[in-house]
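Structural description and commentary
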Amino acid sequence: MRCCFGNNISPEEQQNENEEELKKDVVIRFFMAGMGSAGKSTIIRHLIYLCKTNPRYKYCNEDWSEKQNDEIEFECDTEIWKNKIRENIINAFDIFIKQVYENSDKFQNRDLEIFAKSLQNLNKNKSEISLIEMSDLFYSRLICLLKDPAFKRALAMKNRIQIHEPERKLFDGLKYFLNEEKLKFVFSKNYIPSEADKIRCRLPTTGVQRHYFILKKTKIEIYDAGGQKSERAELLNNLNKWNTSRNCTSNNESFILFVASLADYNVRHPNYPNQTLLDESAAFMDILLNNDHIRHCGILIFFNKKDRFFEKLSDQFCRNDIDFIKESLSPIELKEYKLYGRFRRKTMYKAAEYKFIKILKQKYKDRSCYSKNTCAIDPTIMGTFISVIKNEIFIKVVSEIVP
Ligand SMILES: Nc1nc2c(ncn2[C@@H]2O[C@H](COP(=O)(O)OP(=O)(O)OP(=O)(O)O)[C@@H](O)[C@H]2O)c(=O)[nH]1
Ligand SMILES: [Mg+2]
C-alpha cells in the first residue's frame, strides 16, 4: 500500500522516480552541421512549430524555462520573413529568365521582356524589394511570365539549371510557391507569412544558433551551424567551443548531426566541374569527424531532401547525371536507368550515400553511426527526429546511466 505521509514510498516507486529524475537531468546535445541549404534550419523550424502546437513538447530558454508561444519567433520577425520569401521567389524568377536567354528563346511579347528585365534589376538591388509597394499589377505580370511558353521551357529545366555563381541555386522550397494562388498571396499588400511559408523559405544561418527543447521530458540542446562557404571557415572553432561548453554536472550525451542534401547529387561544384556539391558535402563530413575533440560523440546523418532526389532522378533531363553517383551501381542497374529511367529507390539511396559510407567505413569504423533518409519540409520529420532520439539514443543513454 502506498503511504501518503513523509517520504515513505516503496522501493519500486523510488526507483521509478530516480529514473524520472535521471531522465530529466540527461541532456542530449547535438551539433548540427552540413553544407549551406542542406535543410538544417528547416528541421529546427519544424521542431519549434511542434512545440507551439503540442503541449508535450517545449521550446525553452537556455535555463530550460519554457518560452511562451508569444515569445517564440522563428529566427527573425515577420517583416524580415516577408521580404526574404519575396526575395527567394524573385531570385528564382531571375534564374529562369537567365535560362530563357541561355536557351536563345524569346518572351511572347515586348511587355513581358521589359518586365523580365525589371525583375532582374530588382534581384540585383535586393534592398529595393522591401521598398516597393506590391500591387495587383506586379502579381499579374508574374503570372503572365509564369504562363509564357519560353519561361515554361526554362521552368521545365529546373532540375538541372546550373548558375555559375557561388551559392546561387534555386531554393528547394520553390515548388510550393510556384502557383497562381500562392504568388497572389505572397505579393499581396497585406501578406503575413504562415509557418508553412517560413519552412519553405531559404534564409541562410549566420554563426551558430542555439536551441533548447524538452521533448517528452528529455532535454535536447541543438546547435545549428551555418553551412555556407563563408560560415564553414569558422566551423571547427565553433565545434571546439560547443565541445568545451559541456555542463559536467549533468549527464550529457553528445552527437554530431550531419545533414547532407541528396538533391545535390547532380549540382556541379563551382570550382571542380567533375565533382558535385554532394562530393563536397562528404569531404566536409570527413573534415568535421576528423576533429580530435569530438571523438567521443556519436554520429547521426540525415540524408535529406529525398523528395527532390527522386524528383530529379525521375526527370529525363537528369538521366546522364547518374554518372556522378554510379560507383555502387551494377552495369545492369545503370543501363536500366539510363535507357528506361527505371530504378529501385533503395538502390539509388545506396548510390548517393556511398560517398559517405566509404569514408565512414575507411576512417571511422570504430564510431557509432546512424543514418536516416529524411524530408525536412514534411511534418513527419518531427516523428523521425523523435523516434531517432527515443530508439537510437535515449535507450542507449539511459541503459548506460541506469544499467
Ligand atoms: N523539397 C525540400 N526542400 C527542403 C528540404 N529540406 C530543406 N528544404 C528547403 O531547402 C532550403 C534550405 O534549407 P535550410 O534549412 O535553410 O538549409 P540550412 O542547412 O539551414 O542552410 P544554412 O543555414 O545556409 O547552413 C529551404 O528553402 C528549405 O525549405 C527537403 O527535405 N525537401
Ligand atoms: Mg540554416
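Residues numbered from 1 in each chain as written. Chains lettered and ligands numbered in written order. Predicted model: local features only at pLDDT ≥ 70, side-chain atom pairs only at ≥ 80, totals over all residues. Heavy atoms only, no water.

1. Some words on the overall build of the chain
Just so we agree on the cut-off: Helical segments are the DSSP runs of H or I of at least four residues, strand segments are the runs of E of at least two, and each set is numbered from the N terminus. Exposed residues in this analysis have more than 50% of their type's maximum accessible area, buried residues have under 20%, and partly exposed residues fall in between, with area computed by a 1.4 Å probe over protein chains only. Contacts between residues were defined by any pair of non-hydrogen atoms, one from each residue, lying within 4.5 Å. For every accessible area listed, the method is Shrake-Rupley and the probe measures 1.4 Å; residues are considered covered only by the protein chains on display.
Assigned secondary structure in the chain consists of 16 helices and 7 strands. For the chain, with 403 residues in total, the buried portion stands at 50%. Counted over contacts in the chain with a minimum sequence separation of 6, partners at least 24 positions apart contribute 76%. As presented, the chain carries roughly 20600 Å² of accessible surface, and 49% of it is formed by carbon and sulfur atoms.

2. Brief notes about the nonpolar core
Cut-off, in case you're wondering: Side-chain atoms within 4.5 Å are what join buried Ala, Val, Leu, Ile, Met, Phe, Trp, Tyr and Cys residues into a set we call a nonpolar core. Annotation comment: domain bounds sourced from an automatic or database domain assignment.
Among the nonpolar cores identified, the biggest contains 73 residues, and Phe-30, Leu-119, Phe-187, Phe-213 and Phe-385 are the most heavily contacted of them. For this core, the element with the highest residue contribution is helix α3 (residues 78–102), accounting for 10 residues. For this core, the domains that each give at least three residues are domain 1 (22–75 + 207–395) and domain 2 (78–200).

3. Overview of the coordination of the magnesium ion (ligand 2)
Keep this limit in mind: Nitrogen, oxygen and sulfur within 2.8 Å of a metal are treated as its donors, or within 3.2 Å for sodium, potassium and calcium (Na, K, Ca); water is not counted, so a site can appear incomplete.
Protein-derived coordination of the magnesium ion (ligand 2) comes from Ser-41 (OG) and Thr-205 (OG1), at a distance range of 2.0 to 2.1 Å. Of this pair, Ser-41 sits in helix α2 (residues 40–53) while Thr-205 sits in the loop between α9 (195–200) and β3 (208–215); the two residues are 164 residues apart in sequence, bridging distant segments of the chain. In this structure Ser-41 comes out as buried when scored by relative accessible area, which is 7%.

4. Focus on α3
For the record, the criterion: Here the expected length of a helix is defined as 1.5 Å per residue gap, with one fewer gap than residues.
Its 25 residues give α3 an end-to-end C-alpha distance of 36 Å, which sits within 8% of 36 Å, the value for a rise of 1.5 Å per residue. Most of α3 sits out of view: 18 of its 25 residues are buried. A positive backbone phi angle near 55° is found at Ser-104, which sits one or two residues after α3.

5. Notes on the confidence of the model for the chain
What counts, and what does not: The predictor attaches a confidence to each residue, and that confidence, scored 0 to 100, is pLDDT.
Summarising the model, the chain shows a mean pLDDT of 87, and 89% of its residues fall at 70 or more. Contacts of residues 1–9 to residues separated by more than four positions or lying in other chains number 5 contacts, the stretch itself having pLDDT below 50. A low-confidence stretch, residues 398–403 stays under pLDDT 50, and its non-local contacts, those more than four residues away or across chains, total 7 contacts.

6. Focus: the environment of Trp-81
Mapping Trp-81 onto the fold places it in helix α3. Classification of Trp-81 by relative accessible area gives buried; the value is 0%. Along the sequence, Trp-81 and Arg-202 sit 121 residues apart, while their C-alpha atoms lie 9.7 Å from each other.

7. Notes on empty space enclosed by the protein
Counted only if it meets this: Buriedness of a pocket was judged along seven lines, with at least five required to meet protein on both sides within 12 Å; pockets are open sets of points on a 1 Å grid over the protein atoms alone, cavities are sets where a 1.4 Å probe fits but cannot get out, and lining residues have an atom within 4 Å of a point. Grid points are joined across faces, edges and corners, and a volume is the space filled by probe spheres set on the points. Asp, Glu, Lys and Arg are counted as charged, while Ala, Val, Leu, Ile, Met, Phe, Trp, Tyr, Cys and Pro are counted as nonpolar; the rest, among them Gly, fall into the polar class.
Applying the stated criterion across every chain yields a total of 2 cavities of 30 Å³ or more. The computed volume of the largest cavity comes to approximately 350 Å³. Lining the largest cavity are 28 residues, and of these Ser-37, Ala-38, Gly-39, Thr-42 and Lys-305 lie nearest its centre. For the lining of the largest cavity, the elements supplying multiple residues, two or more each, are α2, α9 and α13 (306–313). Broken down by element, the residue count for the lining of the largest cavity peaks at 4 residues, all from α2. Of the residues assigned to the lining of the largest cavity, the class counts are 9 nonpolar, 11 polar and 8 charged.

8. Overview of the UniProt feature "binding site: GTP" (unreviewed entry) in the chain
To be explicit about the condition: UniProt positions are given in the numbering used here, feature names are shortened, and annotations may be inferred rather than shown by experiment.
Within the UniProt annotation, "binding site: GTP" (unreviewed entry) is assigned to Asp-224, Ala-225, Gly-226, Gly-227, Gln-228, Asn-304, Lys-305, Lys-306 and Asp-307. Lining the largest cavity, from this annotated set, are Gly-226, Gly-227, Gln-228, Asn-304, Lys-305 and Asp-307. Here Lys-306 shows up in helix α13. Here Asp-307 shows up in helix α13. What Asp-307 contacts, discounting residues up to four positions off in sequence, is Cys-375 and Ile-377.

9. Considerations on the site of ligand 1
Put simply, the test is: Consider each residue's heavy atoms; a residue with any of them within 4 Å of a molecule or strand counts as near. Within 3.5 Å is the distance limit for a polar contact, defined as a pair of N or O atoms, with the added protein rule that one can donate a hydrogen and the other accept it, and that residues adjacent in sequence qualify only through two side-chain atoms. In this scheme, a molecule is assigned to a cavity or pocket if more than half of its atoms are within 2 Å of the grid points.
For ligand 1, the set of nearby residues contains 28 residues, the closest of which are Ser-37, Lys-40, Thr-42, Ile-199 and Gly-227. Within the backbone of Ile-199, one N or O atom sits 2.8 Å away from an oxygen atom of ligand 1. In this structure, an oxygen atom belonging to ligand 1 sits 2.8 Å away from a main-chain N or O atom of Thr-205. Protein coverage of the free-state accessible area of ligand 1, which is 660 Å², stands at 100%. Taking a 2 Å distance to the grid points as the criterion, the majority of the atoms of ligand 1 fall inside the largest cavity.

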